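# Overview (structure and organization)
As a plain string of letters, each chain reads:
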Amino acid sequence: MTEAQLKKQEVELSPPKREIELHNQRLEAYLEELDFENLSPEEILSWASATFANRAILETSFQYTGVAMIHMVAAHQLDLRIATLDTLRLPPETYQFIDQVKARYNCQVEVCKPDSTQIDSMTERFGEYLFFDSKALQEYCCQVRKERPHNELIKTADCWISGVRRDQSSFRRDTTSKASLVLEYGSRRKILKLNPMAAWNEEQLLEYIKTNDIPTHPLYAQGYPSIGCVICSTPTLPGEEKRAGRWRWFNNNNQADSDDKKECGLHVPGQLYNI
Ligand code: SF4
């Protein structure tokens, strides 16, 4: 759409709707104009910093990719916010590691927590360990503890940067692009989701981490290839996919689809706000 057409549309639409439509069109134009697939992680992060500044959030759970990207942000002095979701069920090692990373990179980390009233209501009704009882209750717990705080966080952003990689599971291999649009929950407003590390495999990542002396989460050394909440994350066995240790009790039983995605919902296209 030309600048003149955009201006005409600006006059015709009511102010809030006009603002959202223009915002969405700008994000759509980025997807058309830029070949994200052929950009390196550093190039994508640098572009996001220059384009969105504090309207771009690097959201991380402090696993390999997230910390590697924090390293890139520090090395290139990029102007990106860094945020994490504290589900209030993270292992103690994660809290200690967050402090270690903050000290190493002298960076601020926004910590997003679930709503305490919603947590109380959920646990009073279904118990603290509801995630054992059914796939639906596990997803409900993830919704209250992860997705809703995440939704609140990305209301403050135009660009959401995630550490998802294609080699993490067969589901992620088939569904992860380096750049896509998602909808803000309950709104028509779109958000640019970037996965700068999507194409890296673990070998490349570990080489980058070693070369740059990047700190790593201590639970990797205990056999956890994927680290989330305590209990719901477990070590994996040789030959298992990296996310096989998530909600292990649903593996190979009838409570989950045979094609269980091993996802909490944040990265599932078509679910909730994803488009
Ligand atoms: S990973 Fe487990 S404890 Fe954490 S939010 Fe999901 S179901 Fe709840």
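As a starting point, this report considers the structure included with it. All values reported here derive from a predicted model rather than from experimental measurement.

Take the overall build of the chain next. Counting its secondary structure elements, the chain contains nine helices and six strands. For the chain, the proportion of its 275 residues judged to be buried stands at 32%.

Once that is clear, we can look at the sheet that holds strand β5 (residues 179-183). The six strands are arranged β3-β2-β1-β4-β6-β5 in an open sheet whose pairing can be described as mixed. Two strands in the sheet have a free side with no partner beyond their single neighbour: β3 (110-112) and β5. Across the sheet, the mean angle separating the axes of adjacent strands is 30° when strand polarity is ignored. With three bridges connecting them, strand β1 (residues 56-59) and strand β4 (residues 159-161) associate as parallel partners. Each bridged residue has a counterpart across the sheet, and for L58 the counterpart in β4 is I161.

What follows concerns the pairing of β5. By the bridge criterion, five bridges tie β5 to strand β6 (residues 190-194) in an arrangement that is antiparallel. Each residue of the ladder has a partner; that of A179, found in β6, is L194.

Core analysis: the largest hydrophobic core is formed by 35 residues, its most contacted members being L45, A48, M69, V73, L80, C159 and I161. When contributions to this core are tallied by element, the ones reaching two or more residues are α3 (41-52), β1, α4 (64-75), β2 (81-85), α5 (92-105), β4 and β6. In terms of residue count, α4 provides more of this core than any other element does, seven residues in total. With residues near it in sequence (within four places) discarded, V73 still touches L45, L58, L78 and L80. Counting five residues, the second-largest nonpolar core is a separate cluster that includes F131, C141, C142 and W247.

So, about unusual backbone geometry. A positive phi is found at F62, a non-glycine position, where the angle reads about 65°. As for its placement among the helices and strands, F62 is situated in the loop between β1 and α4. Note on F62: 24 C-beta atoms within 10 Å, which makes it buried. A positive phi angle, near 50°, is found at D213, a position not held by glycine.

Okay, the environment of L181 next. Relative to the helices and strands, L181 resides in strand β5. Spatially, the C-alpha atoms of L181 and L192 are 4.7 Å apart, while their sequence positions differ by eleven residues.

As a further point, take the pairing of β2. Summarising burial for β2: five of the five residues are buried, a large majority. Residues R81, A83 and L85 line one face of β2 and the alternating positions I82 and T84 line the opposite face, and both faces are buried. In the classification by handedness, the crossover that spans β1, the intervening α4 and the parallel β2 is right-handed. Sheet topology places β2 next to β3; three bridges connect them, and they run parallel. Bridge pairing in β3 links T84 to V111.

Next up on the list: helix α7 (residues 135-154). Of all the bends in α7, the largest measures some 45° and sits at Q143. If you check which residues of α7 are buried, you get Q138, C141, C142, R145, K146, E147, P149, H150 and I154. Buried residues along α7 sit in contact with β1, β2, β3, α6 (116-126), β4 and β6.

Let us now look at the packing of α6 against α7. Packing of α6 against α7 brings their axes to within 11 Å, and their N-to-C directions diverge by 165°. Compared by their axis directions, α6 and α7 come out roughly antiparallel. Helix-helix and strand crossings are classified by hand; for α6 and α7 the assignment is left-handed. Residue-level contacts link Q118, I119, M122 and F126 of α6 to L137, Y140, C141, V144 and R148 of α7. Split into classes, the residues belonging to the contact of α6 with α7 amount to seven nonpolar, one polar and one charged.

Procedures and definitions
- Residues numbered from 1 in each chain as written.
- Predicted model: local features only at pLDDT ≥ 70, side-chain atom pairs only at ≥ 80, totals over all residues.
- Helix = DSSP H or I, 4+ residues; strand = E, 2+ residues; numbered from the N terminus.
- Buried ≥ 20, exposed ≤ 12 C-beta atoms within 10 Å, placed from the backbone.
- Pairing = 2+ DSSP bridges.
- Axes fitted to C-alpha atoms, helices over the stretch in contact; angles between N-to-C directions.
- Core = buried A, V, L, I, M, F, W, Y, C linked by C-beta atoms within 7 Å.
- Contact = placed C-beta atoms within 7 Å.
- Right-handed = clockwise from strand over helix to strand, strands pointing away.
- Bend = angle between axes of the 7 residues up to and from the residue.
- Parallel < 35°, antiparallel > 145°, perpendicular 65-115°, else oblique.
- Left-handed = near helix turned anticlockwise from the far one by under 90°.
- Nonpolar A, V, L, I, M, F, W, Y, C, P; charged D, E, K, R; others polar.

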